[in-house]
Amino acid sequence: MLAFKYISFHYVRYFIIILLALILFLVGFDYMGSTEKLDISANLLLIYLVYKTFYAMDMLLPLSLIFAMIATKLFLIRSNALVSFYSLGYSKIDILKPFVIVSTLVILLFISLHSISNFARADEFAKNIRKNAQYLSPTRDLFFTYKEKFVYFSKLLPLQESAQNIRVFSFVDNSLKEVLVASKAAYRNDAWLINEADIITKPDHADFESLGIKVTQQKNLEILQGFRPKMLDQVYEGKVNFSIIDAIDAYVLLKAQNINTSILKSALYKIFVYPFFVPSLIVIIFFFVPVSARFLNVSLFSFGAILASLMVWAFLFALIELSNHKTLPSEVGIILPNLLLLLAALRQWRKYRTTA
């Protein structure tokens with residue numbers, strides 16, 4: 001218990017220091033490179049920096065946990081604390097447990113943060129502020145399918161939860177049957193409410209004896225049940241940063257319509273599976289560190305461990321991007337690499353547990 005508290009305290013301390021340093025570096029570097037484009041009010045600039053901080057945390061927190069483990073292990077070696085713990089009867093597994101438990105708890109907290117939309121979509125909001133001076137910009141010319149109908153929004157306003165110039169095309173036996181035309185719609189009570197619309201109906205048979213095109217007016221129509229504005233904006237614009245609730249709701253809704261859900265699966269795997277490469281990599285790196293500095297070139301080991309961590313992190317990040325763009329199945333790009341790391345970590349854990 002003494003070793004657990006001591007190691008956990010130093011691990012959390014190094015983690016906070018490294019995470020803050022990396023966040024300040026990324027946000028500061030981005031701000032210096034975007035100064036000319038950020039001709040905005042002080043309030044928007046502050047919001048931009050906050051979103052950039054959220055984005056940096058989202059990207060760098062897993063890496064910070066690994067770097068903090070390396071720093072803590074080197075601290076234990078240099079202070080001879082590691083040798084002291086071993087001499088008191090602690091095994092390598094006992095020394096490893098604080099790193100694995102603390103990192104797993106932090107990862108679970110990290111995953112829960114993705115239930116907050118402002119955190120999960122921070123990069124998107126920051127880009128909108130830099131480009132349009134508002135964090136949620138309108139989406140134009142949105143065209144998608146819903147329940148065997150084709151829907152067109154000329155302009156979607158997620159903040160106002162409204163849309164302008166709506167067209168809904170209905171087909172029967174691959175033939176256009178009906179077109180709904182409305183100037184605006186508003187999202188109310190889990191559906192899109194249209195106060196007034198024109199319904200253009202085409203006759204079943206286009207000949208000289210048919211009655212021709214029929215135009216009727218209808219009021220208080222409800223369409224697109226369950227499609228929230230933010231969900232529409234993200235799914236049909238091909239965006240990949242979802243909050244947990246939005247991703248699950250969109251997946252269930254699109255799955256019921258037999259629409260491709262690969263992007264949504266990739267987003268969910270990135271949230272729930274990808275971060276767990278951290279405990280696996282911690283276990284793998286941990287056992288490569290000697291007990292004493294007499295058997296270790298500290299500078300060389302630090303460089304090698306950090307370089308290896310960066311390479312693994314970059315490789316996993318690249319696979320996630322390939323999965324987001326449908327180049328690789330998300331099961332291959334996200335689940336498989338994490339599973340391989342987990343198996344390697346379990347092998348190491350079992351090996352040293354039996355030899356301890």
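In this text, all values refer to a predicted model and were calculated from it rather than measured experimentally.

1. Considerations on the overall build of the chain
Helix and strand counts for the chain come out as twelve helices and six strands. Against the globule reference of 21 Å for 356 residues, the chain gives a C-alpha radius of gyration of 27 Å, more extended than a compact globule. Along the three orthogonal principal directions, the C-alpha set of the chain runs to about 100 × 50 × 30 Å. Going through the 356 residues of the chain one by one, you find that 44% of them count as buried. The contacts in the chain between residues at least 6 apart in sequence include a share of 62% that link residues at least 24 apart.

2. Observations regarding the packing of aromatic side chains
Per the stated rule, a full pass over the model turns up 17 aromatic pairs. Both rings, one in F25 and one in F29, keep their centres 6.0 Å apart while their planes meet at 20°; by these two values the pair is stacked. Of this pair, F25 and F29 both sit in helix α1 (residues 2-34), separated by four residues, roughly a single helical turn. Each member of the pair, F25 as well as F29, carries the same accessibility label: exposed. Between F286 and F287 the ring centres are 5.3 Å apart and the planes differ by 90°, which places this aromatic pair in the edge-to-face class. When the ring centre of Y14 is taken as origin, the NZ or CZ atom of R13, which lies over that ring, is 5.0 Å away. Against the face of F286 rests K73, its NZ or CZ located 3.7 Å from the ring centre.

3. Focus on the sheet that holds strand β5 (residues 191-201)
Reading across from one edge, β1-β2-β3-β4-β5-β6 is the order of the six strands in this open sheet, with antiparallel pairing throughout. Lying at the two open borders of the sheet, with one neighbouring strand each, are β1 (139-146) and β6 (214-223). In this sheet, neighbouring strand axes are inclined to one another by 20° on average, regardless of whether the strands run parallel or antiparallel. As defined by bridge partners, strand β2 (residues 149-157) adjoins strand β3 (residues 162-172) across eight bridges and the pair is classed as antiparallel. Each residue of the ladder has a partner; that of Y152, found in β3, is R167.

4. Examining the packing of helix α4 (residues 92-113) against helix α10 (residues 277-286)
Contact pair α4 / α10: the axes reach a minimum separation of 9 Å and the direction vectors enclose 160°. Comparing the axis directions of α4 and α10 gives the class roughly antiparallel. In this structure, the crossing between α4 and α10 has a hand that is right-handed. Note on element contacts: α10 touches α4 through V278, P279, I282, V283 and F286, opposite K92, I95, L96, F99, V100, S103, T104 and I107. Each residue belonging to the contact of α4 with α10 can be placed in one class, and the counts come to ten nonpolar, two polar and one charged.

5. A few points about the pairing of β1
With seven bridges joining them, β1 and β2 adopt antiparallel strand pairing. Following the sheet pairing, L142 is matched in β2 by F153. A loop of two residues connects β1 with β2, the two strands running antiparallel in sequence, and K147 in this loop sits at a positive phi of about 50°.

6. Digging into helix α8 (residues 244-256)
The end-to-end C-alpha distance of α8, which contains 13 residues, comes to 18 Å, matching closely the 18 Å that a straight helix rising 1.5 Å per residue would cover. Among the residues of α8, those classed as buried are I244, D246, A247, A250, L253 and L254.

7. Description of a nonpolar patch on the surface
The grouping of V332, L336, L339, L340, L342, L343 and L346 at the surface amounts to a nonpolar patch, some 600 Å² of accessible area in total. For L342, a relative accessible area of 38% corresponds to the partly exposed category.

8. Looking at the nonpolar core
Core analysis: the biggest nonpolar cluster contains 62 residues, and I70 and F277 have the highest contact counts within it. Every element with two or more residues in this core is listed here: α1, α2 (42-78), α3 (81-87), α4, α10, α11 (298-324) and α12 (330-355). Take this core: its biggest share by element is 14 residues, from α2. Look past the residues within four positions of I70 in its chain and what remains in contact with it is I285, F301, A305, I306 and S309.

9. Notes on the packing of helix α9 (residues 262-272) against α11
It is the contact of α9 with α11, at a shortest axis distance of 9 Å, that shows an interaxial angle of 155°. By the criterion of interaxial angle, the relationship of α9 to α11 is roughly antiparallel. For the pair α9 and α11, contact is made by I263, S266 and K270 and by I320, S323 and N324, respectively.

10. A closer look at the pattern of salt bridges
Per the counting criterion, the structure on display carries six salt bridges. Two residues, D30 and K52, come together in a salt bridge whose shortest N-O distance is 3.7 Å. On the criterion of sequence distance, the pair formed by D30 in helix α1 and K52 in helix α2 is long-range, its members being 22 residues apart. In this pair, the class of D30 matches that of K52, namely buried.

The rules we used
- Residues numbered from 1 in each chain as written.
- Predicted model: local features only at pLDDT ≥ 70, side-chain atom pairs only at ≥ 80, totals over all residues.
- Heavy atoms only, no water.
- Helix = DSSP H or I, 4+ residues; strand = E, 2+ residues; numbered from the N terminus.
- Rg over C-alpha atoms; globule rule 2.2 N^0.38 Å.
- Buried < 20%, exposed > 50% of the residue type's maximum accessible area, 1.4 Å probe, protein only.
- Contact = heavy atoms within 4.5 Å.
- Phe/Tyr/Trp six-rings, centres within 6.5 Å; stacked < 30°, edge-to-face > 60°.
- Lys NZ or Arg CZ within 6 Å of the ring centre and 35° of its normal.
- Pairing = 2+ DSSP bridges.
- Axes fitted to C-alpha atoms, helices over the stretch in contact; angles between N-to-C directions.
- Parallel < 35°, antiparallel > 145°, perpendicular 65-115°, else oblique.
- Left-handed = near helix turned anticlockwise from the far one by under 90°.
- Nonpolar A, V, L, I, M, F, W, Y, C, P; charged D, E, K, R; others polar.
- Expected span 1.5 Å × (residues − 1).
- Patch = residues over 30% accessible without salt bridge, like charges linked within 9 Å, V, L, I, M, F, W, Y side chains within 5 Å.
- Areas by Shrake-Rupley, 256 points an atom, 1.4 Å probe, with all protein chains shown as cover.
- Salt bridge = Lys/Arg side-chain N within 4 Å of Asp/Glu carboxyl O.
- Core = buried A, V, L, I, M, F, W, Y, C linked by side-chain atoms within 4.5 Å.

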